[in-house]
Amino acid sequence: FRLTRFIERHIDGAKAELAARNKPLDNAHLVSLLGFGFWNGLLGPGYRRLHEMRLWRFPLRRAFVHLSSATRPMVHDDVDKLRMLRNRIAHHEAIFIRDHEGDHERILRVAGWLYADLPDWIAHHSRCAEIIAQKPVSHTF
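Below, the structure is looked at part by part. (Residues numbered from 1 in each chain as written. Predicted model: local features only at pLDDT ≥ 70, side-chain atom pairs only at ≥ 80, totals over all residues. Heavy atoms only, no water.)

**Focus on the packing of aromatic side chains**
Centre distance and the angle of the planes are the two values used to describe a pair of aromatic rings.
Step number 1: The full count for this structure, using the stated rule, is 2 aromatic pairs.
Step number 2: When the ring of Phe38 is compared with that of Trp39, the centres are 4.7 Å apart and the planes differ by 90 degrees; the resulting orientation is edge-to-face.
Step number 3: On the numbers, 6.1 Å between centres and 85 degrees between planes, the contact of Phe64 with Trp113 is edge-to-face. In this pair, Phe64 is assigned in the loop between α4 (48–63) and α5 (72–90) and Trp113 in helix α6 (residues 100–114), connecting sequence segments 49 residues apart. (Phe/Tyr/Trp six-rings, centres within 6.5 Å; stacked < 30°, edge-to-face > 60°. Helix = DSSP H or I, 4+ residues; strand = E, 2+ residues; numbered from the N terminus.)

Below, the structure written as structure tokens:
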């Protein structure tokens, strides 16, 4: 089946970057250059029924080893919200007016789909829950 143009552009860009860096074009190097948008795009609705059968039910579903019953649209919704949060932070945009508890729970939930122990590890090493509980005063700029 054909990939969407969006996905193909990400792959082409990663290949071009590998060539520019004189790195080998192998799976390990290619995957390391594919950004959050690429992976989120694979979970998106762009492939309709064909996507559900060939991508989600077999290889992509297996990436979320500890996912019990969520559907692809549910996974995409969580991952897309994390992508948008990450983008706001990366672009130094304000995140004061957000559901911080929900964002934190979503991070832990998605992490848990990948590795069962990851949410506990994150909770142990992160100060997010502590800071969210303090409800810092928001600022307007």
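**So, the environment of Ala116**
Step number 1: Looking at the secondary structure, you find Ala116 in the loop between α6 and α7 (118–125).
Step number 2: Assessed through its relative accessible area of 46%, Ala116 is described here as partly exposed.
Step number 3: When the C-alpha atoms of Ala116 and His66 are compared, they prove to be 6.4 Å apart, with 50 residues separating the residues in sequence. (Buried < 20%, exposed > 50% of the residue type's maximum accessible area, 1.4 Å probe, protein only.)

**Examining unusual backbone geometry**
Step number 1: A positive phi angle, close to 55 degrees, is found at Asn22, a residue other than glycine.
Step number 2: Within the secondary structure, Asn22 sits in the loop between α1 (5–20) and α2 (27–33).
Step number 3: Residue classification places Asn22 among the exposed residues on the basis of a relative accessible area of 72%.
Step number 4: Phi angles above zero are rare outside glycine, and His92 is one such case at about 55 degrees.
Step number 5: Along the chain, His92 falls in the loop between α5 and α6.

**Overview of the nonpolar core**
Step number 1: Counting residues in hydrophobic clusters, the biggest one holds 20 residues, and the most contacted among them are Leu43, Trp56, Phe64, Leu67 and Val75.
Step number 2: In this structure Phe64 touches Leu43, Trp56, Val75, Trp113 and Leu114, once residues within four positions along its chain are discounted. (Core = buried A, V, L, I, M, F, W, Y, C linked by side-chain atoms within 4.5 Å. Contact = heavy atoms within 4.5 Å.)

**Focus: the environment of Ala111**
Step number 1: Relative to the elements of secondary structure, Ala111 occurs in helix α6.
Step number 2: Judged by its relative accessible area of 7%, Ala111 falls in the buried class.
Step number 3: Counting along the chain gives 10 residues from Ala111 to Trp121, while the straight-line C-alpha distance between them is 10.0 Å.
Step number 4: Ala111 has contacts with Leu118, Pro119 and Ile122, leaving out every residue within four places of it along the chain.

**Re the environment of Pro24**
Step number 1: Within the secondary structure, Pro24 is located in the loop between α1 and α2.
Step number 2: Looking at Pro24, the relative accessible area reads 42%, which means it is partly exposed.
Step number 3: Those residues in contact with Pro24, other than ones at most four positions away along the chain, are Leu18 and His29.

**Considerations on the layout of surface pockets**
Step number 1: Of the voids in this model, the second largest pocket is the one considered here, and its volume is about 220 Å³.
Step number 2: Taken together, Phe36, Trp39, Leu42, Leu43, Leu60, Ala63, Phe64, Val79 and Leu114 make up the full set of residues lining the second largest pocket.
Step number 3: Listing elements by their share of the lining of the second largest pocket, those giving two or more residues are α3 (36–43) and α4.
Step number 4: Of the residues contributing to the lining of the second largest pocket, the split by class is 9 nonpolar, no polar and no charged. (1 Å grid on protein atoms, 1.4 Å probe; cavity = no way out; pocket = protein on both sides within 12 Å on 5 of 7 lines; lining within 4 Å. Points joined across faces, edges and corners; volume = space filled by probe spheres on them. Nonpolar A, V, L, I, M, F, W, Y, C, P; charged D, E, K, R; others polar.)

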